[in-house]
Amino acid sequence: MMSSGSANITCRDAVIADMTACAGILNRWIDATPWMPRVHAAADVERYYRETVFADRAIVVADREGEVVGFLALSPEAYVTALYVDERHRKGGVGARLLREAKKRAPDELKLWTFERNADAHRFYEREGFVAVKRTDGENEEGLPDILYSWYAAGGERA
């Protein structure tokens, strides 16, 4: 029986062997999200993760008993460029644990983009202290309206 909490989750730096699991979590999210267009084949997503994401960003995985159940990618500029949790493990604190790890690595400020249609993500990030600071009409490869969120450490929030 799976625990509903995040008590048995370990956050750790990803290794290249985790790349397939991370790309798989993202690919399954794309396929399960009706409004999300698939602009890259699943194999291309995996290649991109191997060649670019794992090479250029800090990747933190949420590991539950040897299984990667979520991941976060953090750019050198303190942008969370990906945060995905496998569907079976959502609503159990995994995403919040990953964000806490990102806040340790970028303790003053974090930024991220999320799609306007992703209401669950909006609620999650706002609950975690992020504030919407900019909106676009779809200046991304998916052509979907999106929102830039920022988080500032206590006392550092900007107007």
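Refer to the structure printed above.
Our subject in this report is the structure included herewith. Everything numeric in this text was worked out from a predicted model, so none of it was measured. (Residues numbered from 1 in each chain as written. Predicted model: local features only at pLDDT ≥ 70, side-chain atom pairs only at ≥ 80, totals over all residues. Heavy atoms only, no water.)

1. Here's the deal with the environment of Gly138
- Among the structural elements, Gly138 can be located in the loop between strand S6 (131-136) and strand S7 (146-152).
- Accessibility expressed as a relative area gives 19% for Gly138, which makes it buried.
- Those residues in contact with Gly138 that sit more than four places away from it in its chain are Gly143, Leu144 and Pro145. (Helix = DSSP H or I, 4+ residues; strand = E, 2+ residues; numbered from the N terminus. Buried < 20%, exposed > 50% of the residue type's maximum accessible area, 1.4 Å probe, protein only. Contact = heavy atoms within 4.5 Å.)

2. Let's talk about the pattern of salt bridges
- Across all of its chains, the model carries 13 salt bridges by this definition.
- Its salt-bridge partner being Asp120, residue Arg123 comes within 2.3 Å of it at the nearest N-O pair. Of this pair, Arg123 and Asp120 both sit in helix H4 (residues 119-127), three residues apart, which is roughly one turn of the helix.
- With a relative accessible area of 46%, Asp120 lands in the partly exposed category.
- Counted as one network, the salt bridges with shared partners bring together Arg28, Glu67, Asp86 and Arg88. (Salt bridge = Lys/Arg side-chain N within 4 Å of Asp/Glu carboxyl O.)

3. Notes on helix H3 (residues 94-105)
- The terminal C-alpha atoms of H3 lie 17 Å apart, and with 12 residues this matches the ideal 16 Å at 1.5 Å per residue to within 8%.
- Restricting attention to buried positions, one finds in H3 the residues Val94, Gly95, Ala96, Leu98, Leu99, Glu101, Ala102 and Lys103. (Expected span 1.5 Å × (residues − 1).)

4. As for the environment of Ala132
- Relative to the elements of secondary structure, Ala132 occurs in strand S6.
- C-alpha separation for the pair Ala132 and His122, spaced 10 residues apart in sequence, amounts to 8.7 Å.
- Those residues in contact with Ala132, other than ones at most four positions away along the chain, are Ile147, Leu148 and Tyr149.

5. Observations concerning the sheet that holds strand S2 (residues 58-64)
- One open sheet holds the seven strands; their spatial order is S1-S2-S3-S4-S5-S7-S6, and the pairing between them is mixed. Edge strands, defined here as strands with exactly one partner in the open sheet, are strand S1 (9-13) and S6. Taken pair by pair, the neighbouring strands of this sheet meet at an average axis angle of 30°, ignoring direction.
- Of the pairings in the sheet, the one linking strand S3 (residues 67-74) to strand S4 (residues 79-85) comprises five bridges and is antiparallel in character. (Pairing = 2+ DSSP bridges. Axes fitted to C-alpha atoms, helices over the stretch in contact; angles between N-to-C directions.)

6. Looking at the packing of aromatic side chains
- For the coordinates displayed, the defined rule picks out nine aromatic pairs.
- Seen from their ring centres, Trp29 and Tyr84 are 5.4 Å apart, and the 55° between their planes marks the pair as tilted. Taken together, the residues Trp29 in helix H1 (residues 19-32) and Tyr84 in strand S4 connect sequence positions 55 residues apart. In terms of burial, Trp29 and Tyr84 fall into one category: buried. (Phe/Tyr/Trp six-rings, centres within 6.5 Å; stacked < 30°, edge-to-face > 60°.)

7. Describing H1
- The terminal C-alpha atoms of H1, which comprises 14 residues, lie 20 Å apart, in line with the 20 Å expected from a rise of 1.5 Å per residue.
- Looking at the packing, one finds that the buried side of H1 touches helix H2 (42-56), S2, S3 and S4.

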